[in-house]
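# Notes for the structure review
Read off the chains here:
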Amino acid sequence: MALQQFADEDFQAAWRELDEPQLDGGWELFTETMGVKIYRLYDQVTGLYEYKVFGVLSSCPADQCAEVYMDLAYRKHWDSYVKELYEKDFDNQRAIYWEVKYPFPLSNRDYVYIRERRDLEVDGRKIYVVLARSAPQTPCEEKSGVIRVNDYKQSLAIESDGASGTKMFMNYFDNPGGSIPTWLINWAAKSGVPGFLKDMQKACSNYKSYSQKK
């Protein structure tokens, strides 16, 4: 049986934040970097933060940005934290397996998640939306020495910025579990999110030559 994917409303809610950021209810500005603002919301249950990212990736066209974001094989080339990453059927449930390298002495983390991309036409605008969330019910055996992340979600909405770049919105929550202090996880996010955006921008500029070499 296929896992239930995402509701139409989830896609609508994601792209609407490009026009009207939803920041009521405790969202605070966390950091601003590279023309991007990152907000965070404290989660009482876990002591961790959920993040929203708004801004422009100036040198990456939106259609290419969507391709780079979806291309798992390419991500293994540009994301140094990836140990394993692939999509497959687990007993007829299509899902993605992703193992992330953590610095010693921390254990690596792995994710089993589902995702869906939709390319939307909204009043003449071309908007790309990708939703992802952990799928803990997927029959994928856990590895010894690797901690499974069962509480992960990410949504991305992007469109052209009217020039040669991409206007973006990203919403992100990740509970890595284990015994890492919450202050350390929250501290790591300060460089981790901008670092990812920087790497993504670089990956976009190299994507053409990567595709030609394949």
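Residues numbered from 1 in each chain as written. Predicted model: local features only at pLDDT ≥ 70, side-chain atom pairs only at ≥ 80, totals over all residues. Heavy atoms only, no water.

- Per an unreviewed UniProt entry, the recorded name for the protein is Phosphatidylcholine transfer protein, and the organism is Neogobius melanostomus.
- One UniProt comment on the protein, placed under Subcellular location (unreviewed entry), says "Cytoplasm".
- Taken from UniProt, the Subunit (unreviewed entry) comment for the protein reads in full: "Interacts with ACOT13/THEM2." (UniProt positions renumbered as here; feature names shortened; annotations may be inferred.)

### Quick word on the overall build of the protein
- Along the backbone of the protein there are four helices and ten strands.
- When the helices and strands of the protein are read in sequence order from the N terminus, they spell out α-β-β-β-α-α-β-β-β-β-β-β-β-α.
- Against the compact-globule benchmark of 17 Å for 214 residues, the protein has a radius of gyration of 17 Å, which places it among compact chains.
- In terms of overall dimensions, the protein has C-alpha extents of about 50 × 40 × 35 Å along its principal axes.
- Burial statistics for the protein: of 214 residues in total, 47% are counted as buried.
- Intrachain contacts of the protein at a sequence separation of at least 6 include 58% that bridge at least 24 residues.
- For the protein, the computed accessible surface area is about 11500 Å², with 49% contributed by carbon and sulfur atoms.
- On the protein, the mean spot of the 27 positive side-chain charges and the mean spot of the 32 negative ones are 6 Å from each other. (Helix = DSSP H or I, 4+ residues; strand = E, 2+ residues; numbered from the N terminus. Rg over C-alpha atoms; globule rule 2.2 N^0.38 Å. Buried < 20%, exposed > 50% of the residue type's maximum accessible area, 1.4 Å probe, protein only. Contact = heavy atoms within 4.5 Å. Areas by Shrake-Rupley, 256 points an atom, 1.4 Å probe, with all protein chains shown as cover. Lys, Arg positive; Asp, Glu negative; His and termini not counted. Charge placed at Lys NZ, Arg CZ, Asp CG, Glu CD.)

### Topic: the pattern of salt bridges
- Following the criterion strictly, the structure yields 16 salt bridges and no others.
- Between E28 and R40 there is a salt bridge, with the nearest N and O atoms lying 2.6 Å from each other. Within this pair, whereas E28 is found in strand β1 (residues 28–33), its partner R40 is found in strand β2 (residues 36–42), the two being separated by twelve residues in sequence.
- For the salt bridge of R117 with D119, the shortest nitrogen-to-oxygen distance reads 2.8 Å.
- Take D119: its relative accessible area is 38%, and that puts it in the partly exposed class.
- The structure contains a network of salt bridges with shared partners spanning D8, E116 and R118. (Salt bridge = Lys/Arg side-chain N within 4 Å of Asp/Glu carboxyl O.)

### A few points about the packing of helix α2 (residues 62–70) against helix α4 (residues 182–213)
- Two elements in contact, α2 and α4, have axes whose closest approach is 10 Å; the angle formed by their N-to-C orientations is 105°. By the angle between their axes, α2 is roughly perpendicular relative to α4. Contact residues: α2 offers Q64, C65, E67, V68 and Y69, while α4 offers F196, M200, A203, C204, Y207 and K208.
- Its residues assigned to classes, the contact of α2 with α4 comprises eight nonpolar, one polar and two charged. (Axes fitted to C-alpha atoms, helices over the stretch in contact; angles between N-to-C directions. Parallel < 35°, antiparallel > 145°, perpendicular 65-115°, else oblique. Nonpolar A, V, L, I, M, F, W, Y, C, P; charged D, E, K, R; others polar.)

### A word on the nonpolar core
- One finds V53, V68, M168 and M200 to be the most contacted residues of the largest nonpolar core, which totals 30 residues.
- For this core, the elements supplying multiple residues, two or more each, are β2, β3 (49–57), α2, α3 (72–78), β7 (125–134), β9 (152–160), β10 (166–174) and α4.
- The element that contributes the greatest number of residues to this core is α4, accounting for nine residues.
- Each residue touching V53, except ones within four places of it in the same chain, is listed here: V36, K37, I38, M168, F169, M170, V193 and L197. (Core = buried A, V, L, I, M, F, W, Y, C linked by side-chain atoms within 4.5 Å.)

### Looking at the UniProt feature "domain: START" (unreviewed entry) in the protein
- Per the UniProt annotation, the sites labelled "domain: START" (unreviewed entry) are residues 26–209.
- For the annotated span residues 26–209, helix accounts for 24% and strand for 46% of the residues, and the straight-line distance between the end C-alpha atoms is 43 Å.

### Topic: the state of the cysteines
- Tallied over the entire structure, the rule returns one disulfide.
- In this structure C65 is not part of a disulfide, and its nearest cysteine sulfur, from C60, lies 4.0 Å away. (Disulfide = S-S within 2.5 Å.)

### A short note on the packing of aromatic side chains
- Counted by the stated rule, this structure contains 16 aromatic pairs.
- Ring plane angle 80° and centroid distance 5.8 Å describe the contact between Y39 and F54, whose orientation is recorded as edge-to-face. Here Y39 is found in strand β2, whereas its partner F54 is found in strand β3, with 15 residues between them in sequence.
- Exposure remark for F54: the relative accessible area of 12% places this residue in the buried category.
- Members of the aromatic cluster, connected to one another through ring pairs, are W98, Y111, Y113, Y152 and Y172. (Phe/Tyr/Trp six-rings, centres within 6.5 Å; stacked < 30°, edge-to-face > 60°.)

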